[in-house]
Amino acid sequence: MSEKSERTARLSVFKTYKLYVGGKFPRSESGRVYEVTDSKGNWLANAPLASRKDARDAVVAARKAFGGWSGATAYNRGQVLYRVAEMLEGRREQFVREVADAEGLSKSKAAAVVDAAVDRWVWYAGWTDKIAQVVGGANPVAGPFFNLSTPEPTGVVTVLAPQDSSFLGLVSVIAPVIATGNTVVVIASERSPLPALSLGEVLATSDLPGGVVNVLTGRTAEIAAPLASHQDVNAIDLAGADDELARELEVAAADNLKRVVRPQAVDHWETPGIERLTAFLETKTVWHPTGALGAAGSSY
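Residues numbered from 1 in each chain as written. Predicted model: local features only at pLDDT ≥ 70, side-chain atom pairs only at ≥ 80, totals over all residues. Heavy atoms only, no water.

1. A word on unusual backbone geometry
1) Next: With phi around 60°, leucine 257 is a residue other than glycine that occupies positive phi space.
2) Next: For leucine 257, a relative accessible area of 74% gives the class exposed. (Buried < 20%, exposed > 50% of the residue type's maximum accessible area, 1.4 Å probe, protein only.)

Below, the structure is given as structure tokens:
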């Protein structure tokens, strides 16, 4: 048999995409998948169709990871986010191909998207040890006290990724949440989930602890409903929800007073601000009495 005929006879090896939960790659516990197609309707792959049980498992993983991640130094979190950017840069061509297929872009435009996403990781990596100086500080009080305010992470955050930006939009809503010490359960774009699942592979091979980011794919409304009402989810970002779904999830989130970020345009291209960094921060204020120095009664 000739070399040419051997190449012709070889079967294609298609990629099996899996969820990313707790640092591992499980299939959906339901065993379900759904077809993912490109902008022209051509089949690309089968993606896991996550269930309510998968959503609950993701919350457990996120809660387990929260203590260690929120307790890490801000400088260390910045190092980890920068490492993610390094790993993405090394797999740039794969993401260019996947983004081009997912969003119907030319290779050059997809490359610009991927480069912007890598740059965005670097941008948020630089903010991890600076945001406290911006939103915290010492407060003047009328009395012999120190009054200091410092930001702390909210906890476990559910994020509905933008539907029309499978990678840059995804990074734009994940990176600021984890940069400030939160852990996240993200529901990827229902129409274009493959770049998000590949991002899970990058996160697993970076220094990010398992459970800090958990990636689910499937029907957005089906997965989001149990997460919005989950008692151990502290906040929810509705970036990828339409108006009707957003109203339903807001009602469900009110049951345990979740912090809710309502649907708003995700800034895909311009330099991002700190709004998404501060959206899931709580302010802790500590009062401490001052002491007197010497007979003159001066204080410190």
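Back to the write-up after that little detour.
2. A look at the nonpolar core
For soluble globular proteins, the rule of thumb is that nonpolar side chains tend to be buried together.
1) Next: By size, the foremost hydrophobic cluster in this structure holds 63 residues, and its most contacted members are Leu88, Trp121, Phe167, Ile178, Val186, Leu199 and Val213.
2) Next: Looking at this core element by element, the count peaks at 10 residues for helix H5 (residues 107-127).
3) Next: Residues contacting valine 186, with those up to four places away along its chain left out, are Val159, Ala161, Leu170, Ile174, Val213, Asn214, Val215 and Leu216.
4) Next: Counting residues in hydrophobic clusters, the runner-up holds 25 residues, among them Ala50, Val59, Leu160 and Ile223. (Core = buried A, V, L, I, M, F, W, Y, C linked by side-chain atoms within 4.5 Å. Helix = DSSP H or I, 4+ residues; strand = E, 2+ residues; numbered from the N terminus. Contact = heavy atoms within 4.5 Å.)

3. Considering the sheet that holds strand E9 (residues 259-261)
In a beta sheet, neighbouring strands pair by backbone hydrogen bonds and run either parallel or antiparallel.
1) Next: With respect to topology, five strands assemble into an open sheet ordered E7-E6-E5-E8-E9, the strand pairing being parallel. A single partner strand is all that each edge strand has here, and the edge strands are strand E7 (213-216) and E9. The average undirected angle you get between the axes of adjacent strands in this sheet is 15°.
2) Next: Pairing of strand E5 (residues 156-160) with strand E8 (residues 235-237), which is carried by three bridges, proceeds in the parallel orientation. Opposite valine 159, over in E8, you have aspartate 237 as the bridge partner.
3) Next: The strands that helix H7 (residues 168-179) touches are E5, strand E6 (183-187), E7 and E8; relative to E6, the one it contacts most, it runs at about 165°. (Pairing = 2+ DSSP bridges. Axes fitted to C-alpha atoms, helices over the stretch in contact; angles between N-to-C directions.)

4. Remarks on the packing of helix H2 (residues 52-71) against helix H9 (residues 220-228)
1) Next: At a minimum axis separation of 9 Å, H2 and H9 run at an interaxial angle of 45°. Compared by their axis directions, H2 and H9 come out oblique. At the point where H2 passes H9, the crossing takes the right-handed sense. Here H2 contributes Arg52, Ala55 and Val59 to the contact with H9, which in turn contributes Glu222, Ile223, Ala225, Pro226 and Leu227.
2) Next: Residue composition of the contact of H2 with H9, grouped by class: six nonpolar, no polar and two charged. (Parallel < 35°, antiparallel > 145°, perpendicular 65-115°, else oblique. Left-handed = near helix turned anticlockwise from the far one by under 90°. Nonpolar A, V, L, I, M, F, W, Y, C, P; charged D, E, K, R; others polar.)

5. A look at the sheet that holds strand E3 (residues 137-138)
1) Next: One open sheet accounts for three strands, arranged E3-E4-E10; its pairing is antiparallel. Bordering the open sheet on either side are E3 and strand E10 (281-289), each of which pairs with just one other strand.
2) Next: Where strand E4 (residues 145-153) and E10 come together, nine bridges link them in antiparallel fashion. Across the sheet, residue leucine 148 finds its bridge partner in E10, namely valine 286.

6. Digging into a negative patch on the surface
1) Next: Side chains of Asp242, Asp243, Glu244 and Glu248 sit close together on the surface and give a patch of like negative charge.
2) Next: Position of glutamate 244 relative to the elements: it lies in helix H10 (residues 243-253).
3) Next: You can call glutamate 244 exposed: its relative accessible area is 51%. (Patch = residues over 30% accessible without salt bridge, like charges linked within 9 Å, V, L, I, M, F, W, Y side chains within 5 Å. Areas by Shrake-Rupley, 256 points an atom, 1.4 Å probe, with all protein chains shown as cover. Salt bridge = Lys/Arg side-chain N within 4 Å of Asp/Glu carboxyl O. Lys, Arg positive; Asp, Glu negative; His and termini not counted. Charge placed at Lys NZ, Arg CZ, Asp CG, Glu CD.)

7. Quick word on the environment of threonine 285
1) Next: Positionally, threonine 285 belongs in strand E10.
2) Next: Along the backbone, threonine 285 and threonine 150 are 135 residues apart, and their C-alpha atoms lie at a distance of 6.5 Å.
3) Next: The residues touching threonine 285, leaving out its near neighbours within four places in the chain, are Asn139, Asn147, Leu148 and Ser149.

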